[in-house]
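Read off the chains here:
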Amino acid sequence: MERLSGALELLDGALDDPAALDGNLRDLGRINHWLGGARLSSAALATLAGGRSDLRLIDVGTGAADIPVALLRRAARRWPGLTVRAVDSRAEVIAAVRRIAPELAGMPGLVLATSDPHRLDQPDRAFDVAHCSLVLHHLEPAAAVVLLEEMARVAKLGIIVNDLDRSRLAWLGAWLMGHLLTRNRYTRHDAPMSVRRAYRLPEALDLVRAAGLTPVRTFRGVFRHRYSIAAVAGPARP
């Protein structure tokens, strides 16, 4: 299956239907939970963290913010000092997160904010780890490399990329979930489209290397529909 380039998902367009947006973010949170999205990010974070317990993480293109929340809830034993700045380029998305999960406003260790992913409003090495989930497939290769370079700029230890793997089986699974588990028009349109736009794992690894990073470990979802990549700047650490 060739990658579909130049296409847009509904989430890339005008977010002028708050109810549909809220429902889509809830769907994304459920899908991440059911299919192990947070587990893949957690495994990659453990690779980069080593024995550190105090970690500062920026989540770029946070969407529903469900993965940062899951990491924080798992952090009590592994990373008790974990803090997360969850950013999205769309103010409408951050507003929707605050509507559907108002309790996050007071969650210890979590900050929600808007920020341009191609020029994060943070100084160099401001965080230990930069993370993105379900963001890379929205970007064409040149823009994806810019994003990864910017993530590397603000991260001391390395970056994590968590995204879909393009395959016919993954497309079928996304279509079925979109049509059997929800009536949300954003989810029905965007779920299979996301798979068509996604990078295969070798393609994503090439983008990571093009950004001057070295992949150190990869993880696959239980259905091989998704992967996470832990990468560091420059040569891999021993």
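Conventions adopted
Residues numbered from 1 in each chain as written. Predicted model: local features only at pLDDT ≥ 70, side-chain atom pairs only at ≥ 80, totals over all residues. Heavy atoms only, no water. Helix = DSSP H or I, 4+ residues; strand = E, 2+ residues; numbered from the N terminus. Expected span 1.5 Å × (residues − 1). Bend = angle between axes of the 7 residues up to and from the residue. Buried < 20%, exposed > 50% of the residue type's maximum accessible area, 1.4 Å probe, protein only. Contact = heavy atoms within 4.5 Å. Polar contact = N/O pair within 3.5 Å; in protein donor to acceptor, adjacent residues only side chain to side chain. Pairing = 2+ DSSP bridges. Axes fitted to C-alpha atoms, helices over the stretch in contact; angles between N-to-C directions. Core = buried A, V, L, I, M, F, W, Y, C linked by side-chain atoms within 4.5 Å. Phe/Tyr/Trp six-rings, centres within 6.5 Å; stacked < 30°, edge-to-face > 60°. Lys NZ or Arg CZ within 6 Å of the ring centre and 35° of its normal.

Draft legend 1. Summary view of helix H7 (residues 185-197). The end-to-end C-alpha separation of H7 is 18 Å, in line with the 18 Å expected for 13 residues at 1.5 Å each. Maximum bend of H7: about 25°, positioned at Ala191, with proline Pro192 one to four residues after it. Residues of H7 that are buried: Tyr186, Thr187, Asp190, Ala191, Pro192, Met193, Ser194, Val195 and Arg197. Taken together, the buried residues of H7 touch helix H1 (18-34), strand E5 (155-164) and helix H6 (168-180). The N-cap residue of H7 is Asn184: its side-chain oxygen and the backbone nitrogen of Tyr186 are 2.9 Å apart.

Draft legend 2. Unusual backbone geometry, seen in detail. Its identity is not glycine, yet Ala65 carries a phi of approximately 60°, on the positive side. The topology assignment puts Ala65 in the loop between strand E1 (56-60) and helix H3 (66-78). Residue classification places Ala65 among the buried residues on the basis of a relative accessible area of 0%. With phi around 60°, Arg224 is a residue other than glycine that occupies positive phi space. Topologically, Arg224 is positioned in the loop between strand E6 (213-220) and strand E7 (226-233).

Draft legend 3. Broad picture of H1. For H1, which comprises 17 residues, the first-to-last C-alpha distance of 24 Å matches the rise-based estimate of 24 Å (1.5 Å per residue) to within 8%. Those residues of H1 that fall on the buried side of the exposure criterion are Ala20, Leu21, Asp22, Gly23, Asn24, Leu25, Asp27, Gly29, Ile31 and Asn32. Of the residues flanking the end of H1, it is Gly36, one or two places downstream, whose phi is positive at about 80°.

Draft legend 4. Quick look at the sheet that holds E6. Strand order in this open sheet of seven strands is E3-E2-E1-E4-E5-E7-E6, and the pairing throughout is mixed. Edge positions in the open sheet fall to strand E3 (110-114) and E6, since each of these has one partner strand only. Sheet twist, expressed as the average angle between the axes of neighbouring strands with direction ignored, equals 20°. Pairing of E6 with E7, which is carried by seven bridges, proceeds in the antiparallel orientation. By the bridge assignment for E7, Thr214 is matched with Val232.

Draft legend 5. Examining the nonpolar core more closely. Membership of the largest hydrophobic core comes to 41 residues, with the highest contact counts inside it found for Leu45, Leu82 and Leu110. For this core, the secondary-structure elements that each account for two or more residues are H1, helix H2 (37-49), H3, strand E2 (83-88), helix H4 (91-100), E3, E5 and E7. In contact with Leu82, not counting residues within four places along its chain, are Ser53, Leu55, Leu57, Leu71, Leu72, Ala75 and Gly109. Counting 33 residues, the second-largest nonpolar core is a separate cluster that includes Ala126, Met151, Ala204 and Leu213.

Draft legend 6. Molecular detail of the packing of aromatic side chains. In this structure the tally under the stated criterion is zero aromatic pairs. Above the face of the Tyr199 ring, Arg3 is positioned so that its terminal group lies 4.2 Å from the ring centre.

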